[in-house]
Amino acid sequence: MHADVDAFFASVEQRDDPSLRGKPVVVGGGVVMAASYEARAFGIHGGMGGWQARRLCPRVVVVFPRGSAYAEASKAVFEVFHDTSPVVEGMGLEEAFLDVRGMGRMAGTPEEIARRLRRMVRERVGLPLSVGVASTKVLAKIASRSAKPDGVHVVPAGGELEFLHPLPVERLWGVGPATTEKLHSLGFMTVGQLAAVAEDELVSMLGRHTGRQLAAIANNRDPRRVRAGRRRRSIGSQRALGRKKRSPAELDAVVLALVDRVSGRMRAAGFAGRTVVLRVRYRDFTRISRSRTVARPTAATATILEAARSLLAAALPDIERQGVTLLGLTVYNLDFGPGDQLALPVDDAESTALDAAIDDVRELFGTRSVTRAAALALNDRPEAPNPFEEGVGRRE
DNA sequence: TCTGGGGTCCTAGGACCC
DNA sequence: TCTGGGGTCCTAGGACCC
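Residues numbered from 1 in each chain as written. Chains lettered and ligands numbered in written order. Predicted model: local features only at pLDDT ≥ 70, side-chain atom pairs only at ≥ 80, totals over all residues. Heavy atoms only, no water.

Asks: I'd like to hear about the protein's contact with DNA strand C, residue by residue, with values.
Replies: Neighbouring residues of DNA strand C: 19 residues in total, closest Lys141, Gly174, Thr179, Arg274 and Thr293. Taking all atoms of DNA strand C within 4 Å of the protein, the share assigned to sugar and phosphate is 100%. For DNA strand C, a phosphate oxygen lies 2.6 Å from a polar atom in the side chain of arginine 274. The side chain of arginine 290 places a nitrogen or oxygen atom 3.0 Å from a phosphate oxygen of DNA strand C. When contributions to the surface near DNA strand C are tallied by element, the ones reaching two or more residues are helix 9 (177-185) and strand 11 (287-298). Considering each element in turn, the surface near DNA strand C owes the most residues, 6 residues, to strand 11. Here the surface near DNA strand C is composed, by residue class, of 7 nonpolar, 6 polar and 6 charged. (Near = heavy atom within 4 Å. Polar contact = N/O pair within 3.5 Å; in protein donor to acceptor, adjacent residues only side chain to side chain. Helix = DSSP H or I, 4+ residues; strand = E, 2+ residues; numbered from the N terminus. Nonpolar A, V, L, I, M, F, W, Y, C, P; charged D, E, K, R; others polar.)

So this is what it looks like as structure tokens:
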């Protein structure tokens with residue numbers, strides 16, 4: 001089954017502030033991160049500009065995101081998931097696949113399990129959950145969406161193709177704007193039409209991966225299993241900069257702040273990584289990335305900063321020419337394993353000690369209690385709390 | 001008053017190795 | 001002078017998801 005909290009951020013806000021219940025609510029500032037169902041009735045949806053939302057519904061209530069509240073709610077929801085099935089594959093803060101095969105004797109039919117899951121999330125966390133039940137992941141995922149809001153949708157065994165074939169291709173999980181466009185231009189509008197052509201043909205039109213995947217899905221041969229305990233592969237942070245012209249010093253300040261945040265999160269989570277990727281979005285919104293791989297895994301601010309700065313320096317001529325609207329920094333090639341093995345003597349002792357001291361201060365007094373002076377070079381807007389950062393709001 | 005922030009996976013070319 | 005097949009790692013870009 002696929003379980004998904006309805007309008008997650010907005011539902012948490014309505015749960016915590018009764019005056020918001022029944023009202024159109026939007027979470028986010030410049031961009032809508034979540035919209036309550038009341039807001040969706042006006043045509044408001046995630047990713048939309050905040051001004052646009054207000055134009056569609058002038059009385060919409062805009063709430064600033066409270067990251068720690070969502071993190072806590074997510075944790076509580078996942079506790080219910082884990083109480084329901086031993087095999088849970090999380091897909092972000094608010095949704096997961098649950099493998100409930102072979103649980104009939106203990107827990108009842110999948111539909112009974114789904115209804116109980118919804119009831120428990122409602123009672124224990126106070127949030128509305130929708131659940132899709134089917135014999136494959138892709139169908140369960142589609143079914144949970146059609147179950148919304150606040151419902152269950154079971155695709156009966158044997159009825160998969162009947163459910164699947166009339167669907168428009170863009171309803172499939174994994175078919176986004178680019179593939180939809182391509183399929184439409186080739187005359188494919190429904191999943192049933194995809195099922196009518198050979199896999200080879202889909203592969204030659206869409207490439208190996210997408211072709212095979214769509215052939216499998218259209219014929220109800222989705223082979224994917226629910227995979228519990230997937231490991232994280234990257235840690236990153238990014239910052240949109242608007243359209244203003246930015247000086248090299250400002251960009252350096254942004255990179256510094258990004259490195260500071262990313263490396264801090266890495267140390268807190270016990271990760272070290274080898275590949276540093278700098279992402280740049282130009283003024284025309286095209287994107288490039290530049291990466292550098294170091295010999296040994298690190299989580300040291302100084303080491304990652306050195307790599308990031310060299311990447312920025314190399315990108316600077318193009319940035320000068322094209323203008324920049326976003327900088328991002330992500331560390332890949334993460335080294336897992338026990339945290340106490342990660343502080344290897346790769347990085348010089350002094351900078352490691354400094355990182356540890358700063359981490360401690362932030363742990364005690366809040367993330368923003370210590371800031372690098374150089375990071376103040378970009379002072380045009382207050383540092384927004386990161387919704388995904390633990391600890392924000394707890395000690396401040 | 002256009003376009004946030006955090007991720008995963010796949011492809012493809014080149015370097016390098018056996 | 002030309003020629004195989006298999007593999008890994010790194011870099012860059014693209015599509016997609018929540």
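Asks: Can you explain the side chain of threonine 84? Please cite residues and give values.
Replies: Its location among the elements puts threonine 84 in helix 4 (residues 67-84). Judged by relative accessible area, which is 11%, threonine 84 ranks as buried. A distance of 2.9 Å separates the side chain of threonine 84 from the backbone oxygen of valine 80, its partner in a polar contact. Aside from chain neighbours lying at most four places away, what touches threonine 84 is Leu98, Met103, Ile113, Leu117 and Met120. (Buried < 20%, exposed > 50% of the residue type's maximum accessible area, 1.4 Å probe, protein only. Contact = heavy atoms within 4.5 Å.)

Asks: Just give me the short version of unusual backbone geometry, but keep the residues and values in it.
Replies: Following lysine 148, the chain continues to proline 149 via a peptide bond in cis, the omega torsion being -5 degrees. Relative to the helices and strands, proline 149 is located in the loop between helix 7 (137-147) and strand 8 (152-154). Located in the positive-phi region is asparagine 220, a residue other than glycine, with phi close to 55 degrees. Residue placement: asparagine 220 occurs in the loop between helix 12 (208-218) and strand 9 (235-240).

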